[in-house]
Every structure is written in C-alpha cells, then in structure tokens.
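Here's the letter readout for the chains.
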Amino acid sequence: MAATPNHADSADLAKPLRYAGFFVTEAVRTFRATGSVIPSSPALAERLTRYIDQRDDPSAPISILEAGSGTGPVSRAIAAHMHDGDTLDMVEPHGPFVEYARGLMQTDPDLARVADRATLHQALVTDLGTDRRFDVIVSGLPFANFTAEEVREIMEYYFTVLRPGGRLSFFGYLYTKQVKSVIARREDYLRQARSSWVVDEYVHRFGVDTERVLANFPPAWVHHLRKPAD
C-alpha cells in the first residue's frame, strides 16, 4: 500500500527549493554584488562563524557584524551560535535580499530567537559609519569581483570598527584566479589579480588561520584575521 503524502514534509522540502530559486534569480541579476549563483553551504557558514563560538571570554556578550547578508544562509548560522546578550548588525545593499531577510527574521527559528538583538541595514557596509565597534565581523562580500581600491576601502573599514583583539572571517572561491587567467578578458584577470594582492596583504599582516571548505559550490577557502590587541 502506498504511503500517504505528508504535507508538512512536502512544505519543509519546498522551502529550501524556493529559497535557492530566489537566490539564483537575484544573483544572476546582481552577480557583481553576490559573486555566486549558489547560496553558501552549511559547511561554509559553520566555518565563517568559528569565532562566535571561540571567544576569549565565553561569559561576555559580543557584537557581531555580518557584511553581505544576502538571503541569510550565514545569518542563520550566526544566529544559531549567538549567546544571550550578543548583538548582530546585518548589512545588505540589495533591496530584494533585504526584504527576504526581514521575512526570515520572523519565520526562521534561529533568527526569530535573536530578532530583538539583530538590526538589518540596507546599505553598503562602508556607509554604516565608524561610531560603533564589533568583536566579530563575518564578511560575505565577493572581493574577487571588486577593484583593488574597493577591497582596500572595505578592509580599512573592517579594521577601523573591529575592537582590539577582534576577529574578521571572510571567504573566497578556490582557483578563481587560475580559471580567469584562462577564460577571462585580460583586464578582468588583471583587476582580480590586483584585488587578490590586497587581500593577501591583509592576510599576511593579520591572518591567524586559513581553512579550505570543499563542501561548497564552488569550493572555498575561509581566512580568519585578528586585529592586534594593542
């Protein structure tokens, strides 16, 4: 005898499919700002939230900045790891993604749990101002799509608003420079190469660890940086 379809299970299955479809549609339209047409995987989101768990004082609340929230896969992981008293500022310039994230803050269990301590900003991260300080910054911005000047401006902003001893975690995709050297126009390849030199500069100065995440499409690396405590 055939099993009776479970409508609740069907609805749960449909949610990630609708989410993925929405992301792909918007990402294709705004590829320079998203850098991918596939949402970040749970494995990548977990590595990006490493220093929300590994904090210097487990009993002290921390302030968190997420730059480039998109449709929220990393936001949900951040919320799941937040402790009582932690606060979260989510920054996303793309209007449809912002509206989607607003809905998640009401419907997603992890984000709804911290909604009273989370603020969603529709803005460029560098427009957020320097009158606030953060213990952890999680960046989803696609540096490979930006100019070297834009990458430096963003990095300088991060290290301005990070508290001494604060952590920055961000990711990029493996082998993008090598692929672009083969298939991209020369000016696009040179732009990305210059951007990667700026990223490498900050990693060499402030990096504490780099991890590869193969369970993502495309596979990614995650860099963890620390602002000097002094």
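Heads up: the structure comes first, above all this text.
About the criteria used
- Residues numbered from 1 in each chain as written.
- Predicted model: local features only at pLDDT ≥ 70, side-chain atom pairs only at ≥ 80, totals over all residues.
- Heavy atoms only, no water.
- Buried < 20%, exposed > 50% of the residue type's maximum accessible area, 1.4 Å probe, protein only.
- Helix = DSSP H or I, 4+ residues; strand = E, 2+ residues; numbered from the N terminus.
- Pairing = 2+ DSSP bridges.
- Axes fitted to C-alpha atoms, helices over the stretch in contact; angles between N-to-C directions.
- Contact = heavy atoms within 4.5 Å.
- Salt bridge = Lys/Arg side-chain N within 4 Å of Asp/Glu carboxyl O.
- Right-handed = clockwise from strand over helix to strand, strands pointing away.
- Core = buried A, V, L, I, M, F, W, Y, C linked by side-chain atoms within 4.5 Å.
- Phe/Tyr/Trp six-rings, centres within 6.5 Å; stacked < 30°, edge-to-face > 60°.

1. Description of helix α5 (residues 73–81)
Within α5, 7 of the 9 residues are buried, which leaves it mostly tucked inside the rest of the structure. Of all the positions in α5, only Pro-73, Val-74, Ser-75, Ala-77, Ile-78, Ala-79 and His-81 are classed as buried.

2. Quick look at the sheet that holds strand β2 (residues 87–91)
Judged by pairing direction, the sheet is mixed, and its 7 strands sit side by side in the order β3-β2-β1-β4-β5-β7-β6 without closing on themselves. Each edge of the open sheet carries a strand with a single partner, namely β3 (118–121) and β6 (207–213). Between one strand axis and the next, the sheet turns through 15° on average, direction left out of account. Note: β6 against strand β7 (residues 220–226), 6 bridges, orientation antiparallel. Among the inter-strand pairings, Arg-212 is bridged to a residue of β7, identified as Trp-221. In this fold helix α6 (residues 95–107) packs onto β2 and β3, with an angle of close to 165° to the strand it touches most, β3.

3. Overview of the pairing of β7
Among the 7 residues that make up β7, 5 are buried, leaving the element largely enclosed by the rest of the structure. Direction of pairing for strand β5 (residues 162–173) relative to β7: antiparallel, over a ladder of 7 bridges. Considered in β7, the bridge of Arg-167 is made with Arg-226. Where β6 folds back onto β7 in an antiparallel hairpin, the turn is made up of 6 residues.

4. Quick word on the pattern of salt bridges
Overall, the coordinates contain 12 salt bridges when judged by the stated rule. A salt bridge links Glu-211 to Arg-47; its shortest N-O distance comes to 2.7 Å. With Glu-211 in strand β6 and Arg-47 in helix α3 (residues 42–48), the pair connects residues that are 164 residues apart, well separated along the chain. Note that Arg-167 is salt-bridged to Asp-56, the shortest N-O span being 3.9 Å. Here the residue Arg-167 occupies a position in strand β5, and Asp-56 occupies one in the loop between α4 (50–53) and β1 (63–67), the gap between them amounting to 111 residues. Among the residues examined, Arg-167 registers a relative accessible area of 15% and is labelled buried. Through salt bridges with shared partners, a single ionic network connects Arg-47, Arg-50, Asp-209 and Glu-211.

5. Brief notes about the side chain of Ser-40
Turning to its location among the elements, Ser-40 is positioned in the loop between α2 (31–34) and α3. In this structure Ser-40 comes out as buried when scored by relative accessible area, which is 19%. If we ignore the near neighbours within four places in the chain, the residues touching Ser-40 are Pro-73, Val-74, Phe-171 and Asn-216.

6. Overview of the pairing of strand β4 (residues 134–139)
Taken residue by residue, a regular strand's side chains alternate between the two faces of the sheet. Within β4, 5 of the 6 residues are buried, leaving the element largely enclosed by the surrounding structure. Strand direction decides the pairing type here: β1 and β4, joined by 4 bridges, are parallel. Paired with Glu-66 across the bridge in β4 is Val-138. For β4 and β5, the ladder comprises 5 bridges, and the chain directions are parallel. Residue pairing in the sheet places Ile-137 in a bridge with Leu-168 of β5. Where the polypeptide runs from β4 across helix α8 (residues 148–161) and back to β5, its parallel neighbour, the crossover connection is right-handed.

7. Quick word on the nonpolar core
Leu-44, Leu-48, Ile-64, Ile-78, Leu-88 and Phe-171 are the most contacted members of the largest nonpolar core, which totals 29 residues. Not counting residues within four places of it along the chain, the set of residues in contact with Leu-48 comprises Val-74, Val-138, Ser-139, Ser-169, Phe-170, Phe-171 and Val-222. In this structure, Phe-143, Phe-170, Val-198 and Val-199 belong to the second largest nonpolar core, which totals 27 residues.

8. What to know about the packing of aromatic side chains
What the rule picks out here adds up to 7 aromatic pairs. Ring centres of Tyr-202 and Phe-206 lie 6.1 Å apart, and the angle between their planes is 35°; on these two criteria the pair is classed as tilted. Taken as a pair, Tyr-202 and Phe-206 lie in helix α10 (residues 186–206) at a separation of 4 residues, close to a single helical turn. Neither Tyr-202 nor Phe-206 differs from the other in exposure class; each is buried. Put simply, the rings of Phe-143, Phe-146, Phe-170 and Trp-221 touch in pairs and so form one group of aromatic residues.

Just distances and angles here, no functional claims.
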